[in-house]
Amino acid sequence: MALIGMREVSWGFGDPPLLDGISLQIERGERVCLLGRNGVGKSSLLRLLTRQMAPEEGEVWCQQG
């Protein structure tokens, strides 16, 4: 079972949204690396995963513990 994940998440400031319909799962023991240019949503993705922000659409979940 995934430790953390999101399903069909959308978030952004205008058109087009910064994150549009993305899905992601991180399993125990996996390593994750985020690469991208400035302004493409790396920090926003991490804030959504840590629940510092709420998605406009979709769901974000985290396994207990």
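First, a word on scope: everything that follows refers to the structure included in this document.

Here we come to helix α1 (residues 42-49). Within α1, the full set of buried residues consists of S44, L45, L48 and L49. Looking straight down α1, one finds that the buried residues subtend no more than 135° of arc, so they occupy a single side. Lining the buried residues of α1 we find β1 (4-11), β2 (19-26) and β3 (57-62). R51 occupies a position one or two residues after α1 and carries a positive phi of about 65°.

Quick look at the nonpolar core now. Core analysis: the biggest nonpolar cluster contains ten residues, these being I4, M6, V9, W11, L19, I26, L45, L48, L49 and V60. Elements that contribute at least two residues to this core include exactly β1, β2 and α1. With four residues, the top contributor of residues to this core is β1. Those residues in contact with I4, other than ones at most four positions away along the chain, are L24, Q25, I26, L49, W61 and C62.

So, how was this worked out
Residues numbered from 1 in each chain as written. Predicted model: local features only at pLDDT ≥ 70, side-chain atom pairs only at ≥ 80, totals over all residues. Heavy atoms only, no water. Buried < 20%, exposed > 50% of the residue type's maximum accessible area, 1.4 Å probe, protein only. Helix = DSSP H or I, 4+ residues; strand = E, 2+ residues; numbered from the N terminus. Arc of directions from axis to C-beta. Contact = heavy atoms within 4.5 Å. Core = buried A, V, L, I, M, F, W, Y, C linked by side-chain atoms within 4.5 Å.

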